[in-house]
Structures are given as structure tokens and as C-alpha cells.
Amino acid sequence: MKKQIRLSVLIMGLAVFVLAFAGADPALAAKKKAPKIKKTEYEGSGKVDVDFKYDVEYGKTKVKVKDSSGKVYKAVITEKDEDDLDFTVKNITPGKKYTFRITKVRREGTKKYYTVKGSFKVPAAKKAKVKKVEFDEEDSEVSFEFRKDVTWKDPRVMITADEKDYVVKIVEKDEDEIEVRVKGLKRGNVYRYKITGAAPYGTKKYKIITGKFTA
């Protein structure tokens, strides 16, 4: 009798295990079909690149970005293909970590859309740096190209040599370059420059940038 009871208990236990496993199986299968992020890279100037582990398809896909306090930031999708999605978000702060949600995305060949979550960190801001200086002798212009995008505030450019200050006029500026007109520079001579009013994009660290170049 006791053997029969033990056998019944064992059978019931196995039945419960099988039912539980059967109930979990669809959820497990669905989870396997959900899109997965392989890599997220912050590219600067508010641009974020998301690489998926597998090819995906999109519906009415949107991106929402939040910081640690729960503040929501507007994000705009700039490009998407079968395994990659790029978006841009404004007014984010260097040195902070952000989370994002991508809605209405699914594995290629499946029917159900999912919401994919991820995060990225914006590197701490450093002083803006000049990457390249070019001299156009014909137009008497000098252009300064920065390593990364910058923000401008009352910019000024000064060029000197042998204690002589040259008259400099800003001709044009954009997010990664400033162009000035200055007369009297001679090809082959070395000049020093000082740029004020430039900060790494998205920051307010307007520090003096100095260096030298050969005309």
C-alpha cells in the first residue's frame, strides 16, 4: 500500500513538473524570438548607434530616452536598416548615463513586435581641440577644423607672430570648423593662434584653445 502511495506521489510530481515546463515553454520560445542588442555606441553630438544581434524588421518604431532622474528626452531616428538603428537626442549632458527604449521592432521573419531596452553613456567633456589648420594664401583665409563638434559663444580668434598681432575677421563658423580672414601672413612662416568661445558640443566649458601653424 505504501509503495502504491509513493508511486502515486511520484507520478503526480512528474505531472506537475511537465505541466509547469509546458506552460513556461511558450514564454521561453517568445523570449528567444525577441530582438537583442549586440552593441550600443555613442558617437558624439547626441548621435547614438544601436547594432542588433540578428536582422530585424520595424513597425511604427519610436525611441524614448531617459536619464537617471526619469527625465524624458526627445529622440529622432535618423537611419535604420536590417541590423542597425541610429538616433539623435538633444540636450544631453556629458558624463551621464542614459537609458532608451526602442518600440515596435521584431526579429526578421517573425510576427510579434517587441520593445528593446538599452543604455549609453556620454563621455565627460574635455576642452575642444583643433585637428587641422589650413591656410588659403589666395583668399588670405585660415580655417581651423576641430576634432569633434563644438558649441560657440561670442567666438574670437587671435593670430600673432614675433609679438605682432594680426587683424582677424571671422568669415564663417559651423559645428566643427571656424574660418577667418587675416592679411599679411606669409607662406612658410610659423604663427600662433588663440581661439576663445568654443566648447565641446553640448557643454558650457568655454576654454581658451591655443596652438601654432605654418602658413
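What you see is a predicted model, and the numbers here were worked out from it, not measured in a lab. (Residues numbered from 1 in each chain as written. Predicted model: local features only at pLDDT ≥ 70, side-chain atom pairs only at ≥ 80, totals over all residues. Heavy atoms only, no water.)

### Points about the nonpolar core
As a reminder, the rule being used: As used here, the term nonpolar core means buried Ala, Val, Leu, Ile, Met, Phe, Trp, Tyr and Cys residues forming a set that is joined through side-chain atoms within 4.5 Å. Buried residues are those whose accessible area, probed at 1.4 Å on protein chains only, stays under 20% of the maximum for their type, while exposed residues exceed 50% and partly exposed ones sit between those limits. Secondary structure elements follow DSSP: runs of H or I no shorter than four residues count as helices, runs of E no shorter than two count as strands, and numbering proceeds from the N terminus. In this analysis, two residues are considered to be in contact whenever any of their non-hydrogen atoms come within 4.5 Å of each other.
With 23 residues, the main nonpolar core has Val142, Phe144, Phe146, Ile159, Leu185, Ile195 and Phe213 as its most contacted residues. Of all the secondary structure elements, the ones that give two or more residues to this core are strand 9 (130-136), strand 10 (141-146), strand 11 (150-161), strand 14 (177-182), strand 15 (190-200) and strand 16 (209-214). Setting aside residues up to four positions removed in sequence, Phe144 forms contacts with Val130, Lys132, Val133, Val157, Ile159, Asp176, Glu177, Ile178, Val180, Tyr193, Ile195 and Phe213. Of all hydrophobic cores here, the second largest spans 21 residues; its members include Val63, Tyr73, Ile102 and Val116.

### Focus on the sheet that holds strand 15
The criterion, for reference: Any two strands with at least two DSSP-identified bridges between them are counted as paired. For every element, the axis is a line fit to its C-alpha atoms; helices are fit only across the contacting stretch, and the angle between N-to-C directions ranges from 0 to 180 degrees.
Across the sheet, which stays open at both edges, the 4 strands sit in the order 12-11-15-16 with antiparallel pairing between neighbours. Edge positions in the open sheet fall to strand 12 (164-166) and strand 16, since each of these has one partner strand only. The mean angle between the axes of side-by-side strands here comes to 30°, regardless of whether they run parallel or antiparallel. Pairing of strand 11 with strand 15, which is carried by 8 bridges, proceeds in the antiparallel orientation. Note on strand 15: the bridge partner recorded for Thr160 is Arg192.

### Some points on the sheet that holds strand 13 (residues 168-174)
Read from one edge of the open sheet, 4 strands run 9-10-14-13, paired in antiparallel fashion. Of all the strands in the sheet, just strand 9 and strand 13 have a single pairing partner and so form its edges. Direction aside, the axes of adjacent strands within the sheet are offset by 20° on average. Bridge count for strand 13 against strand 14 is 6 bridges, and the pairing is antiparallel. Following the sheet pairing, Glu172 is matched in strand 14 by Glu179.

### A closer look at unusual backbone geometry
In the Ramachandran plot, Ser45 falls in the positive-phi region, its phi being about 60° despite a non-glycine side chain. Unusually for a residue other than glycine, Asn91 sits at a positive phi of about 60°. Looking at the secondary structure, you find Asn91 in the loop between strand 6 (84-89) and strand 7 (97-107).

### Some points on the pattern of salt bridges
Threshold: Any carboxyl oxygen of Asp or Glu within 4 Å of a side-chain nitrogen of Lys or Arg constitutes a salt bridge here.
Per the counting criterion, the structure on display carries 6 salt bridges. Note that Arg106 is salt-bridged to Glu57, the shortest N-O span being 3.0 Å. Within this pair, whereas Arg106 is found in strand 7, its partner Glu57 is found in strand 3 (residues 56-58), the two being separated by 49 residues in sequence. The salt bridge involving Glu145 is made with Lys131; its shortest N-O contact spans 3.2 Å. One end of the pair, Glu145, is in strand 10; the other, Lys131, is in strand 9, and 14 residues separate them in sequence. One continuous salt-bridge network, built from bridges that share partners, spans Lys131, Lys132, Glu134 and Glu145.

### Focus: the layout of surface pockets
Formally: Cavities and pockets are defined on a 1 Å grid built over the protein atoms alone: a cavity is a set of grid points where a 1.4 Å probe fits but cannot escape, while a pocket is an open set with protein on both sides within 12 Å along at least five of seven lines, and lining residues are those with an atom within 4 Å of any such point. Grid points are joined across faces, edges and corners, and a volume is the space filled by probe spheres set on the points. Ten residues, namely Ala, Val, Leu, Ile, Met, Phe, Trp, Tyr, Cys and Pro, are considered nonpolar, four, namely Asp, Glu, Lys and Arg, are considered charged, and the remaining ones, Gly among them, are considered polar.
Its volume calculated, the largest pocket comes out at about 680 Å³. Forming the boundary of the largest pocket are 28 residues, of which Gly44, Lys148, Asp149, Pro200 and Tyr201 lie nearest the centre. Broken down by element, the lining of the largest pocket gets its largest block of residues, 3 residues, from strand 1 (residues 37-44). For the lining of the largest pocket, a count of residues per class yields 12 nonpolar, 7 polar and 9 charged.

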